[in-house]
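Single-letter residue listing:
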Amino acid sequence: MRTRSLAGWLALLTMTVLVGAGCHPGEINEISELDIVATFYDETVDFGAFQTYAMEDTIYNLHVLQDPTAEDNLDRRFDAEIIAQVKSEMAARGYALVDTSEAHDLRLGLGAWDTPGSLVYSTMPWWGGSSGYWWPSWGSVDFTKGTLLVLLADWANRDPVSGEFDPIWTGGLDGVLEESGSNTATRLERGISQMYIQSPYLQSNVTKVDTGEVQ
Amino acid sequence: MNRSRIILAVAVLMSLLVAGPAAANEWLWGLTYETAVPVGDTKEFSQDSFSWRGMGFEGRSFIYQEMTVGFSVSWNVFHSKLSNQTFSQPGQDLHGTQLRDINAVPIYLNMHYYGGQRYGWRPYFGLNAGTMYAEHRLDMGLYSFREENWHFAVAPEIGIQFPYDRLLGYFSIRWNYGMKSGEIDEVNYFSFRFGIGLR
């Protein structure tokens, strides 16, 4: 009799273990949950001191920049929305957009990979000042295919001889352009917005004075 | 007394007890399903309130009618998913959905004192001591931040063994405490162990 009741115990325990093992609460259920917004910034920089920025209305394919013989397979359907939103976010932070031919404090660059990308922290020049050609080399981070990058460089303080400089702020939206699904536009909008939300130091003092926030 | 001396003392005590009185000399072997409740630093990191994932294996030898020495190995998993989290370090911020996991594997030597009569209901209490492997993992997107450490660990335990013949059942509660290891937080949780055994 005792043995039989223990056999029942065994069955109950086995069932409990199997049910427990079969449940996977809290796992990733949709692709947007894999999105990461990463921002890197130079802590020594006073971002409030900048007033103007310039940018080209282009999203560079970083893979093609690295290998000019490679084919550009980047999904271009969202370029206009991305560029417009970045400009809107910069304006909201008080930075005035000027033409690249005019004097400006910051240079903003947009890029994306159509292959897995790798960024290595170094002092290598990442952007040739004369041609507007940029070469990211600023982090020990591997980005997945379809990663969008927004970079800011201190244009006024670039090397006077070589014209080279390092980015002072970089926002990365990991892998969002890899597969364009029905919610890609939403993920892009949310991700670009988040880049700026988690970078509250990106705020021109000029605007703060204008709004009375800083005296 | 430093940790290595404590471990050595426990090991010597166990070996003396095992080699000493040749009482019943009966071995109990058990498998456990374990739930757990994290507390302290373990709760803070894992953000888990109750774990349904855990299992263990153990053996105990009766050196007296009322006393066992033995060993125990368990695996307890704490897990949580946190949306819209920002992970910050100097000069960088990462935002996204975080999966946080702690895998804890305590490996103990132990002593237990049993009340009651053989084959009857037997409440018991005891002390486990040994080491605990703990992996703290934070996953965001396709990236994983991971730390692995070994902690000196102790675990007071109370339980009850059900009436048995050849098979037996038991339930116990352990407070598992893996001490802070260098810069790594303590591992701290209560486990609730449902066991079946064979003698």
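No experiment lies behind these values; they were computed from the predicted model shown.

Trainee: What exactly am I supposed to notice about the overall build of chain A here?
Mentor: For chain A, the count of helices and strands is five helices and 10 strands. Relative to its 215 residues, chain A shows a buried fraction of 47%. As displayed, chain A has an accessible area near 10,700 Å², and 55% of this comes from carbon and sulfur atoms.

Trainee: What exactly am I supposed to notice about the environment of Ala96(A) here?
Mentor: Residue and element names in this part refer to chain A. With respect to the helices, strands and loops of the structure, Ala96 is situated in strand S3 (residues 96–97). As for Ala96 and Ala54, which are separated by 42 residues in sequence, their C-alpha atoms are 8.4 Å apart. Setting aside residues no more than four positions away along its own chain, Ala96 makes contact with Gln51, Thr52 and Tyr53.

Trainee: What is the right way to look at the nonpolar core in this model?
Mentor: One broad rule of soluble globular proteins: the nonpolar side chains tend to lie buried together. Counting 28 residues, the largest nonpolar core has Val86(A), Leu108(A) and Tyr196(A) as its most contacted members. Looking at this core, the elements with two or more residues in it are strand S2 (52–61), helix H3 (79–92), strand S4 (106–112), strand S9 (148–154), strand S10 (167–173) and helix H4 (184–197) of chain A. Of all hydrophobic cores here, the second largest spans 11 residues; its members include Ile102(B), Ala104(B), Ala155(B) and Val187(B).

Trainee: Any chance you could explain the packing of H3(A) against H4(A) here in plain terms?
Mentor: Each pair of packed helices gets described by two things: the angle between the helix axes and the distance between those axes. Residue and element names in this part refer to chain A. Between H3 and H4, the least distance of the axes is 10 Å, while the angle of their chain directions is 25 degrees. One finds that H3 runs roughly parallel with respect to H4. Judged by the sense of rotation from one axis to the other, the crossing of H3 with H4 is right-handed. Counting all contacts with H3, which are made through Ile82, Gln85, Val86, Glu89 and Met90, the residues of H4 involved are Leu188, Glu189, Ile192, Ser193 and Tyr196. Among the residues forming the contact of H3 with H4, the class breakdown is six nonpolar, two polar and two charged.

Trainee: Just to check I follow, could you spell out the pairing of strand S4 (residues 92–114) of chain B for this structure?
Mentor: Regular strands have side chains that alternate between both faces of the sheet. Of all the 23 residues making up S4(B), 17 are buried; the element is thus mostly covered by neighbouring parts of the structure. Where strand S1 (residues 36–41) of chain A meets S4(B), five bridges bridge the pair, whose relative direction is antiparallel. Across the sheet, residue Ala38(A) finds its bridge partner in S4(B), namely Leu94(B). Of the strand pairs in this sheet, strand S3 (residues 67–89) of chain B and S4(B) are connected by 19 bridges, and their pairing is antiparallel. Each residue of the ladder has a partner; that of Gln89(B), found in S4(B), is Gln92(B). Linking S3(B) back to S4(B) in an antiparallel pair, the connection comprises two residues, with Gly91(B) at a positive phi of about 85 degrees. Looking at chain direction, S4(B) and strand S5 (residues 122–140) of chain B are connected through 17 bridges and run antiparallel. From the neighbouring strand, Asn110(B) faces S5(B), where its bridge partner is Asn128(B).

Procedures and definitions
Residues numbered from 1 in each chain as written. Chains lettered and ligands numbered in written order. Predicted model: local features only at pLDDT ≥ 70, side-chain atom pairs only at ≥ 80, totals over all residues. Heavy atoms only, no water. Helix = DSSP H or I, 4+ residues; strand = E, 2+ residues; numbered from the N terminus. Buried < 20%, exposed > 50% of the residue type's maximum accessible area, 1.4 Å probe, protein only. Areas by Shrake-Rupley, 256 points an atom, 1.4 Å probe, with all protein chains shown as cover. Contact = heavy atoms within 4.5 Å. Core = buried A, V, L, I, M, F, W, Y, C linked by side-chain atoms within 4.5 Å. Axes fitted to C-alpha atoms, helices over the stretch in contact; angles between N-to-C directions. Parallel < 35°, antiparallel > 145°, perpendicular 65-115°, else oblique. Left-handed = near helix turned anticlockwise from the far one by under 90°. Nonpolar A, V, L, I, M, F, W, Y, C, P; charged D, E, K, R; others polar. Pairing = 2+ DSSP bridges.

The values reported here are purely geometric and, on their own, carry no functional implication.
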